[in-house]
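# Analysis of the macromolecular model
If you want the building blocks of each chain, they are given just below.
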Amino acid sequence: MESKRQQKVARQLQKDLSEIFQREVPHLFSGAFITVTSVRVSPDLSVARVYLSFLATKNKQLLLETIQEKGKVIRQHLGDRVRHQLRIVPELNFFIDDTVEYADKMDKLFAGLDIPPAPEEDEDEK
């Protein structure tokens, strides 16, 4: 369970990283629309796990690798934003958030199930 401080820092990092991806460095990722879906911060606030969702891109894994390569630039932009709130700018680890695809897959599985109706019970048997 995350502490209140971890939750506050995670929310702030999510907000700042979203703005960085949308406004400051979109040119680095050839127009892909990148959404920061969640951020998880370690107890000592030194490592942040950033979960991303992508739109307008064909190869998500390639885009994730590009983001990881540009991690220092992104972290520098983040440092400019949080330098007065945090003593250490966390190390950023990026991951693909595939919950939307997983939910779609589960919906398709449930839609494809053939569930027979429950047998009706007779009142006389009770």
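Scroll up a little and you will see the structure.
Worth saying up front: this structure is predicted, and the values here are computed from it rather than measured. (Residues numbered from 1 in each chain as written. Predicted model: local features only at pLDDT ≥ 70, side-chain atom pairs only at ≥ 80, totals over all residues. Heavy atoms only, no water.)

## A closer look at the overall build of the protein chain
For the protein chain, the count of helices and strands is four helices and three strands. Secondary structure elements in the protein chain, listed N-terminal to C-terminal, are α-β-β-α-α-β-α. Computed over the C-alpha atoms, the radius of gyration of the protein chain is 21 Å, more than 25% above the 14 Å expected from 2.2 N^0.38 for a compact globule of 126 residues. Expressed along its principal axes, the backbone C-alpha trace of the protein chain runs to roughly 75 × 35 × 20 Å. (Helix = DSSP H or I, 4+ residues; strand = E, 2+ residues; numbered from the N terminus. Rg over C-alpha atoms; globule rule 2.2 N^0.38 Å.)

## A few points about the sheet that holds strand S1 (residues 33–41)
As summarised here, the arrangement of the three strands in space is S1-S2-S3, forming an open sheet in which the pairing is mixed. The open sheet has two edge strands, S1 and strand S3 (91–96), and neither has a second partner. The mean angle between the axes of side-by-side strands here comes to 30°, regardless of whether they run parallel or antiparallel. On top of the sheet, helix H2 (residues 60–69) reaches S1, strand S2 (47–55) and S3; it is set at about 175° to S3, its chief contact. (Pairing = 2+ DSSP bridges. Axes fitted to C-alpha atoms, helices over the stretch in contact; angles between N-to-C directions. Contact = heavy atoms within 4.5 Å.)

## A closer look at the side chain of Ser42
Relative to the elements of secondary structure, Ser42 occurs in the loop between S1 and S2. On the basis of relative accessibility, which here comes to 18%, the residue Ser42 falls in the buried class. (Buried < 20%, exposed > 50% of the residue type's maximum accessible area, 1.4 Å probe, protein only.)

## Description of the pattern of salt bridges
Enumeration according to the criterion identifies five salt bridges in this entry. For the salt bridge of Glu19 with Arg81, the shortest nitrogen-to-oxygen distance reads 2.6 Å. Taken together, the positions of Glu19 in helix H1 (residues 4–24) and Arg81 in helix H3 (residues 71–82) put the pair 62 residues apart, joining distant regions of the chain. Note that Glu24 is salt-bridged to Arg81, the shortest N-O span being 2.8 Å. With Glu24 in helix H1 and Arg81 in helix H3, this pair connects stretches of sequence that are 57 residues apart. Accessibility expressed as a relative area gives 27% for Arg81, which makes it partly exposed. Sharing partners across several salt bridges, the network here consists of Lys15, Asp16, Glu19, Glu24 and Arg81. (Salt bridge = Lys/Arg side-chain N within 4 Å of Asp/Glu carboxyl O.)

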